[in-house]
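Here is what each chain is made of, one letter per residue.
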Amino acid sequence: EKGGYEHFMLKEINEQPRSIADCMRGRLDAKNGRLILGGLRDYMNKFQNADRIIITACGTSWHAGLVAEYLFEEFARIPVEVEYASEFRYRNPVISEKDFVIAISQSGETADTLAAIELAKSKGATIFGVCNVVGSSIARATHAGCYTHAGPEIGVASTKAFTAQISVLTMMALMLGYQRGTLTESKYVQLLNELEGIPGKVEKALKMNSNVEKIAEIYKDSRNFLYLGRGYNFPVALEGALKLKEISYIHAEGYPAAEMKHGPIALIDEEMPVVFIATKDTSYEKVVSNIQEVKARKGKIIAVVTEGDTVVRGMADHVLEIPDTAEAFVPLLSVIPLQQLSYHIAVMRGCNVDQPRNLAKSVTVE
Ligand code: M6R
């Protein structure tokens with residue numbers, strides 16, 4: 001059932017070109033410039049006219065929510081708040097009928113996320129679910145929703161569910177932007193075409209695997225890791241760090257790269273591997289200076305870069321290339337080598353990759 005792979009996690013990582021395509025099938029029709037999300041049809045009006053979008057989730061799904069914050073604000077110009085479900089439910093949040101709440105959950109059974117939904121519902125907000133498991137509690141508790149169609153995810157570390165969540169949220173943001181007129185027709189069609197090519201680019205990104213393995217071999221005994229990114233890659237940095245923590249038991253932290261000088265830079269010495277996500281986007285130059293700052297303190301630099309990059313290549317100890325794409329779609333590619341890195345390090349350390357200690361696939365208690 002592992003399809004010839006040693007672990008479910010590796011199978012699920014490699015399935016991503018297909019799971020993302022499955023997620024977009026029947027929804028995205030780039031040739032005709034169309035996007036159809038059945039689950040949104042009856043609620044499009046509410047969505048379009050919302051004062052605010054509140055996204056609530058836990059763990060990796062919360063990271064997908066952070067990516068969505070950038071997507072919704074960029075394309076649809078509606079303010080977004082992303083909330084840990086466990087905090088949201090207990091702090092008596094201000095919610096009204098004009099809020100559109102999106103709950104993201106792979107399992108659809110996370111207790112805190114379910115409770116956050118019930119709370120928002122009691123205040124009259126519209127609740128939309130982005131779930132992977134069909135018929136799950138969260139899918140049933142929401143007013144409407146969109147399944148991610150990633151197929152069953154068995155490994156405790158979420159991989160293909162994350163990229164499917166981002167795919168759904170990307171389609172929602174594009175649709176919303178187009179409907180609201182904040183995204184021009186030509187830009188919309190251009191982005192739809194680029195999105196359609198994402199599964200093929202994920203396939204290419206996966207080819208870095210043997211390079212990733214070599215890097216894993218070098219750093220598998222490190223005691224700490226730092227992950228840094230900016231903009232759309234900031235949530236990816238958090239996700240890379242979470243993946244490493246949960247399956248390899250190495251302490252890792254993710255930060256927006258600019259926050260480094262407000263504290264974490266004190267940690268950097270020759271023992272510290274720092275993973276930079278330094279793709280060619282609007283924050284590229286800024287990330288390059290952050291890399292210089294780490295280099296000056298002798299940190300070891302592993303950088304995820306855009307194909308053909310020469311500047312970062314000249315500075316980093318190791319580079320991992322991913323294909324170029326629209327800035328907003330980069331997380332779907334940049335997270336791939338980070339998933340592979342955590343996988344290989346965990347395997348080399350003899351960890352139980354699919355069932356890490358102390359963790360369960362769905363957290364049904366608060
Ligand atoms: O099923 P959910 O998406 O609601 O689960 C949320 C988190 O428990 C989950 O993403 C967790 O952080 C993963 N183990 C991360 O890989």
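Going by the structure above, here's the rest.
So, here is what we can say about the structure in this document. Note that the structure is a prediction, hence the values are computed from the model and not measured.

Of the regular secondary structure elements, the protein holds 14 helices and 12 strands. A globule of 366 residues ought to have a C-alpha radius of gyration of about 21 Å, and the protein, at 20 Å, matches this closely. Projected onto its principal axes, the C-alpha coordinates of the protein cover approximately 55 × 45 × 45 Å. The buried share among the 366 residues of the protein stands at 58%. Of all intrachain contacts in the protein linking residues separated by at least 6 positions in sequence, the fraction that spans at least 24 positions is 75%. A total of about 14600 Å² of accessible surface is found on the protein, and carbon and sulfur atoms cover 48% of it.

The next thing to look at is the nonpolar core. Counting residues in each nonpolar core, the largest one holds 95 residues, and the members touching the most others are F47, F72, I102, M172, L174, F225 and Y227. It is helix α8 (residues 160-180) that provides the largest number of residues to this core, a total of 11 residues. Excluding residues that lie within four positions of it along the chain, M172 makes contacts with L37, L40, F47, F72, I102, F128 and V130. Y284, V294, I301 and M315 belong to the second-largest nonpolar core, a separate cluster that totals 22 residues.

Positive phi values are uncommon outside glycine, yet R77 reaches one of about 55°. Here R77 is to be found in the loop between α4 (59-76) and β4 (80-84). The exposure class of R77 is exposed, given its relative accessible area of 56%. Within the chain, Y249 stands out as a residue other than glycine whose phi angle is a positive 60°. Checked against the element boundaries, Y249 lands in the loop between α12 (234-248) and β9 (251-256).

In the vicinity of the ligand, 15 residues are found, and the nearest of them are S61, S105, S107, T110 and E246. In the environment of the ligand, an oxygen atom lies 2.6 Å from a nitrogen or oxygen atom belonging to the side chain of S105. One of the side-chain nitrogen or oxygen atoms of S107 is found 2.6 Å away from an oxygen atom of the ligand. Compared with its free state, where it exposes 410 Å², the ligand has 91% of that area covered by protein. Each residue belonging to the shell around the ligand can be placed in one class, and the counts come to 5 nonpolar, 8 polar and 2 charged.

Two faces belong to every sheet, and in a regular strand the side chains alternate between them. Across 5 bridges, strand β3 (residues 52-57) lies against β4 in parallel orientation. Its bridge partner lying in β4, I54 is registered against E81. Assessed by its sense of winding, the connection that carries the chain from β3 through α4 to β4 is right-handed.

Let us look at the packing of helix α11 (residues 209-219) against helix α14 (residues 330-348). It is at 9 Å that the axes of α11 and α14 come closest, and there the two elements cross at 50°. The angle between α11 and α14 falls in the class oblique. Considering only the axes of α11 and α14, their crossing is right-handed. For the pair α11 and α14, the contacting residues are N209, V212, E213, I215, A216 and E217 in the first and P337, Q340, L341, H344, I345 and M348 in the second. When its residues are assigned to classes, the contact of α11 with α14 shows 7 nonpolar, 3 polar and 2 charged.

On inspection of all chains with the given rule, the structure shows 7 aromatic pairs. Chaining the aromatic ring pairs together yields one cluster made of F47, F72, F100 and F128. In this structure, K280 is placed above the aromatic ring of Y284, and the distance from its NZ or CZ to the ring centre is 5.3 Å. Sitting above the plane of the Y249 ring, R357 keeps its charged end 3.7 Å from the centroid.

All told, the structure shown has 20 salt bridges when counted by the stated rule. Measuring nitrogen to oxygen at the nearest pair gives 3.6 Å for the salt bridge that ties R18 to D22. Of this pair, R18 and D22 both sit in helix α2 (residues 16-24), 4 residues apart, which is roughly one turn of that helix. Since its relative accessible area comes to 52%, R18 is described here as exposed. Between E246 and K243 there is a salt bridge, and its shortest N-O distance comes to 3.6 Å. Remark: K243 and E246 occur in helix α12; sequence separation between them is 3 residues, near one turn of the helix. Accessibility classification places E246 together with K243 in one group, the buried group.

What counts, and where the lines are drawn
Residues numbered from 1 in each chain as written. Predicted model: local features only at pLDDT ≥ 70, side-chain atom pairs only at ≥ 80, totals over all residues. Heavy atoms only, no water. Helix = DSSP H or I, 4+ residues; strand = E, 2+ residues; numbered from the N terminus. Rg over C-alpha atoms; globule rule 2.2 N^0.38 Å. Buried < 20%, exposed > 50% of the residue type's maximum accessible area, 1.4 Å probe, protein only. Contact = heavy atoms within 4.5 Å. Areas by Shrake-Rupley, 256 points an atom, 1.4 Å probe, with all protein chains shown as cover. Core = buried A, V, L, I, M, F, W, Y, C linked by side-chain atoms within 4.5 Å. Near = heavy atom within 4 Å. Polar contact = N/O pair within 3.5 Å; in protein donor to acceptor, adjacent residues only side chain to side chain. Nonpolar A, V, L, I, M, F, W, Y, C, P; charged D, E, K, R; others polar. Pairing = 2+ DSSP bridges. Right-handed = clockwise from strand over helix to strand, strands pointing away. Axes fitted to C-alpha atoms, helices over the stretch in contact; angles between N-to-C directions. Parallel < 35°, antiparallel > 145°, perpendicular 65-115°, else oblique. Left-handed = near helix turned anticlockwise from the far one by under 90°. Phe/Tyr/Trp six-rings, centres within 6.5 Å; stacked < 30°, edge-to-face > 60°. Lys NZ or Arg CZ within 6 Å of the ring centre and 35° of its normal. Salt bridge = Lys/Arg side-chain N within 4 Å of Asp/Glu carboxyl O.

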